[in-house]
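# What the coordinates show
Now for the letters of each chain:
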Amino acid sequence: MNVKEFQESKVLERPDHDKGTTEDLSAAPGHALHKQLEARHVIMIALGGALGTGLLVGTGSALVKAGPAGILIDYSIIGCVVFLVMAALGEMVSFMPNARGFGGYGTRFVDPALGFATGYVYFCKYLIATPNQLSALALIMKYWVGDRISPAVFITVALVLIVLINSIGVRAFGELEFWLSSLKVIIMVGIIILLFVLAVGGGPTGDRPGFRYWNDPGAFAEYKVRGPEGRLLGLWSAMVTAVYAFSGTELVGVTVGEAKHARLSMPKAVRLTFYRILFFYITTVFLLGMVVPHNSPALVFASGAKVSAAASPFVVAIKLAKIQGLDHVINGCLVVFVFSAANSDLYIASRTLYSIAADGKAPRVLSRTTTHGVPFVTLGLCSLFCGLAYLSTSTSSAKVFGYLTNVVTIFGLLTWVSILVSHIFFCRQLKSQRIDPAYLPYRAPLGVWGSYVALIFLIVLILTKGAEVFVGRFDYRTFVVQYIGIPVYLICIFGYKLIMKTRRVKNGQADLITDVPQETVAEERARFEDIQRQREDSGGPGSIWAKIYRTSLSWLF
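Quick caveat: nothing in here was measured; it's all calculated off a predicted structure.

Here the focus is the overall build of the protein. When you go through the protein residue by residue, the secondary structure sums to 21 helices and zero strands. Across the 557 residues that make up the protein, the buried fraction comes to 61%. Counting contacts in the protein only where the partners sit at least 6 residues apart, residues at least 24 apart contribute 84% of the total. Accessible surface for the protein amounts to roughly 21800 Å². Of this, 65% is attributable to carbon and sulfur atoms.

Spelled out as structure tokens, the structure:
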């Protein structure tokens with residue numbers, strides 16, 4: 001049975017569990033988002049959101065803990081898991097794009113309690129991610145100013161700017177993020193080429209490190225304890241940093257609420273973004289391990305690091321190669337990366353809280369929007385929470401960054417778990433209601449079995465990610481930030497279920513009508529191509545920028 005026939009046969013049979021449980025405010029006047037993001041905006045926001053602090057700064061922490069071979073293994077494993085998560089998300093979003101975020105799929109296919117927990121866990125992640133980016137900015141600026149200028153100065157300037165940018169219409173925000181993300185990709189390509197040149201002896205010193213640092217100090221670092229146990233502990237502990245580095249890849253699922261052609265842009269974002277990020281991350285960490293030893297005291301995360309130590313291992317690579325002045329250029333590029341990441345993180349935090357309210361699981365006032373479609377109430381609340389970044393003024397910036405990274409990571413892992421669970425139940429509903437898979441705009445390559453494999457791995461990782469806490473002296477602070485997300489997640493699920501007395505969605509009873517376009521993908525693609533041709537033929541400003549992008553940068557992206 002195809003989608004249109006199914007909708008016509010079921011239009012009067014809305015499932016009882018979905019009636020009255022939520023009030024969809026996403027289309028109400030004064031509560032609606034504006035669908036002004038083009039496909040290129042969605043794709044580049046997804047790519048740019050993932051290319052940020054995790055790779056440029058967090059990789060230094062992973063290198064210290066795991067060594068060059070360890071981070072290569074960690075990033076490869078997590079990259080595969082991220083692909084499975086993105087494939088699961090792409091299949092659901094391309095079938096029924098909606099403005100309710102990830103929680104909306106949990107509500108629709110599994111249980112409203114899971115939708116409630118998913119929405120709030122993802123919101124908590126980005127509520128903390130923005131101040132984490134700002135603390136990373138303070139860490140980067142310290143390379144130039146040391147302790148002479150308070151980190152609060154840089155945090156305040158950046159915070160004011162990102163709030164102003166997020167206060168304008170989503171079209172302007174998307175355009176700005178598009179070009180910032182494009183710049184980030186160009187910078188990353190340049191860094192990869194530079195690392196390769198340094199690895200083969202193309203630097204000023206003529207030194208050819210090759211795999212030297214894999215032999216001395218070694219391919220694997222010993223973390224906290226000596227011997228194989230220390231190497232294994234380092235490998236597993238750095239897995240958390242790899243998760244944080246890839247964190248944000250899924251945020252494309254939030255942008256569909258403001259995307260014009262979500263069914264066309266989402267599959268493209270899933271297929272292309274993963275391979276781009278996999279290329280950037282795997283290639284980068286491999287080359288980085290060749291030019292920077294994991295025990296270098298120039299790394300800010302290394303033991304015995306000085307105040308002026310670099311936050312990014314890429315700056316350390318340039319210093320070791322003795323390239324005069326380029327370290328300052330790269331550090332300046334890091335400011336662009338972190339600012340862009342903070343900007344997009346605040347956007348996602350405000351839209352996630354909006355989607356929770358639109359899903360009927362938060363006060364109605366949180367879904368209020370301006371005439372330009374900006375959810376100003378949620379934007380204000382999320383901006384106030386950015387005050388966490390000012391912890392960097394009284395505590396080591398590197399320590400604050402580490403704590404916030406752990407919190408962001410656990411909430412990110414739990415969000416991925418919810419996406420996979422929702423996809424598993426989504427596949428069951430498709431099968432039980434006999435929807436022909438050929439009518440899905442995008443199919444996960446490994447299907448439901450890929451989601452099962454990724455789900456099992458993530459559960460094991462969540463339960464064991466804090467193993468380092470139990471080795472040596474017990475650090476209760478690290479234990480709390482490593483595992484705080486688990487009780488929050490479980491309390492949200494079971495608390496909501498007990499209070500609201502929700503029921504699990506049974507097979508064959510999920511709503512596969514609402515938000516599912518009756519227009520076929522081929523019809524929507526033909527309409528989209530007509531609009532594109534008309535826009536380019538009009539000769540307006542938009543057509544000029546589109547031609548510039550198509551002739552200069554589109555080949556890279």
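Back to the text.
By the definition in use, this model includes eight salt bridges. Note that Lys65 is salt-bridged to Glu468, the shortest N-O span being 3.5 Å. Of this pair, Lys65 sits in helix 4 (residues 58-95) while Glu468 sits in the loop between helix 17 (447-464) and helix 18 (476-483), and the two are 403 residues apart along the sequence. Residue class for Lys65 comes out buried when judged on its relative accessible area of 15%. In this structure, Glu222 and Arg231 form a salt bridge, with 3.2 Å as the shortest nitrogen-oxygen distance. For Arg231, a relative accessible area of 32% corresponds to the partly exposed category. Because the salt bridges share partners, they merge into one network encompassing Glu222, Arg226 and Arg231.

As a further point, take the packing of aromatic side chains. Considering all chains together, one arrives at 21 aromatic pairs under this definition. Judged by centre distance (6.4 Å) and plane angle (70°), the rings of Trp214 and Phe286 are edge-to-face. With Trp214 in helix 9 (residues 212-218) and Phe286 in helix 12 (residues 262-291), this pair connects stretches of sequence that are 72 residues apart. Site record: aromatic cluster; members linked through ring pairs are Phe95, Tyr105, Phe109 and Phe426. Sitting over the ring of Phe425, Arg428 keeps its end group 4.8 Å from the ring centre.

The next thing to look at is helix 13 (residues 313-320). The element helix 13 is extensively covered by neighbouring structure, given that six of its eight residues are classed as buried. Every buried residue of helix 13 is accounted for by Pro313, Phe314, Val315, Val316, Ala317 and Ile318. One side-chain oxygen at the N-terminal end of helix 13 lies 3.2 Å from the backbone nitrogen of Phe314; it belongs to Ser312. Positive phi appears at Lys322, one or two residues downstream of helix 13, with a value of about 60°.

Nonpolar side chains in soluble globular proteins tend to end up buried together. Residues Leu56, Tyr75, Phe95 and Phe109 are the most contacted members of the largest nonpolar core, which totals 160 residues. Those residues in contact with Leu56, other than ones at most four positions away along the chain, are Met188, Ile191, Ser312, Pro313, Phe314, Leu334 and Phe337.

Another point: the packing of helix 6 (residues 112-145) against helix 7 (residues 151-167). Where helix 6 meets helix 7, the axes come as close as 9 Å, and the angle between the chain directions of the two elements is 135°. By the angle between their directions, the pair helix 6 and helix 7 is classed as oblique. Helix 7 is crossed by helix 6, and the crossing has right-handed handedness. Residues Thr130, Leu134, Leu137, Ala138, Met141 and Val145 of helix 6 form the contact with helix 7, whose participating residues are Pro151, Phe154, Ile155, Ala158, Leu159 and Ile162. Each residue belonging to the contact of helix 6 with helix 7 can be placed in one class, and the counts come to 11 nonpolar, one polar and no charged.

Along the polypeptide, Ser312 turns up in the loop between helix 12 and helix 13. At 3.2 Å, the side chain of Ser312 forms a polar contact with the backbone nitrogen of Phe314. Apart from the residues within four sequence positions on either side, Ser312 is in contact with Leu56 and Leu334.

With omega at 20°, the peptide bond leading from Asp216 into Pro217 counts as cis. Mapped onto the secondary structure, Pro217 falls in helix 9. We note that Arg434 has phi near 55°; this positive angle belongs to a residue other than glycine. By the secondary structure assignment, Arg434 is in the loop between helix 16 (397-432) and helix 17. Despite not being glycine, Lys501 shows a phi value in the positive range, around 55°. By the secondary structure assignment, Lys501 is in the loop between helix 19 (485-500) and helix 20 (521-538).

Attention now moves to helix 17. Between its first and last C-alpha atoms helix 17 spans 27 Å; for 18 residues at 1.5 Å apiece the expected length is 26 Å, and the two agree. Buried within helix 17 we find Gly447, Gly450, Ser451, Ala454, Leu455, Leu458, Leu461 and Ile462. Along the axis of helix 17, the buried residues cluster in a sector spanning 135°; they form a single face. Exposed positions of helix 17 whose direction lies more than 90 degrees from the buried face are Trp449, Val453, Ile456 and Leu463.

All right, on to the environment of Leu320 then. Following the sequence through the fold, Leu320 ends up in helix 13. For Leu320 and Ser296, which are 24 residues apart along the polypeptide, the C-alpha to C-alpha distance reads 9.6 Å. If near-sequence neighbours (up to four positions away) are discounted, Leu320 is found in contact with Val291, Val292 and Pro293.

For the rest of this paragraph, the subject is the state of the cysteines. Overall, the coordinates contain zero disulfides when judged by the stated rule. The structure places no disulfide on Cys124, whose sulfur is separated from the nearest cysteine sulfur, that of Cys492, by 7.0 Å. In this structure Cys124 comes out as partly exposed when scored by relative accessible area, which is 22%. Here Cys386 stays unpaired: no disulfide links it, and the sulfur of Cys382, its closest cysteine neighbor, is 7.6 Å away.

On to a nonpolar patch on the surface. Among the surface-exposed residues, Ile149, Val153, Val157, Val160, Leu161 and Leu164 lie close enough to one another that they form a single nonpolar patch of about 500 Å² accessible area. By secondary structure assignment, the location of Leu161 is in helix 7.

Cut-offs and rules
Residues numbered from 1 in each chain as written. Predicted model: local features only at pLDDT ≥ 70, side-chain atom pairs only at ≥ 80, totals over all residues. Heavy atoms only, no water. Helix = DSSP H or I, 4+ residues; strand = E, 2+ residues; numbered from the N terminus. Buried < 20%, exposed > 50% of the residue type's maximum accessible area, 1.4 Å probe, protein only. Contact = heavy atoms within 4.5 Å. Areas by Shrake-Rupley, 256 points an atom, 1.4 Å probe, with all protein chains shown as cover. Salt bridge = Lys/Arg side-chain N within 4 Å of Asp/Glu carboxyl O. Phe/Tyr/Trp six-rings, centres within 6.5 Å; stacked < 30°, edge-to-face > 60°. Lys NZ or Arg CZ within 6 Å of the ring centre and 35° of its normal. Polar contact = N/O pair within 3.5 Å; in protein donor to acceptor, adjacent residues only side chain to side chain. Core = buried A, V, L, I, M, F, W, Y, C linked by side-chain atoms within 4.5 Å. Axes fitted to C-alpha atoms, helices over the stretch in contact; angles between N-to-C directions. Parallel < 35°, antiparallel > 145°, perpendicular 65-115°, else oblique. Left-handed = near helix turned anticlockwise from the far one by under 90°. Nonpolar A, V, L, I, M, F, W, Y, C, P; charged D, E, K, R; others polar. Expected span 1.5 Å × (residues − 1). Arc of directions from axis to C-beta. Disulfide = S-S within 2.5 Å. Patch = residues over 30% accessible without salt bridge, like charges linked within 9 Å, V, L, I, M, F, W, Y side chains within 5 Å.

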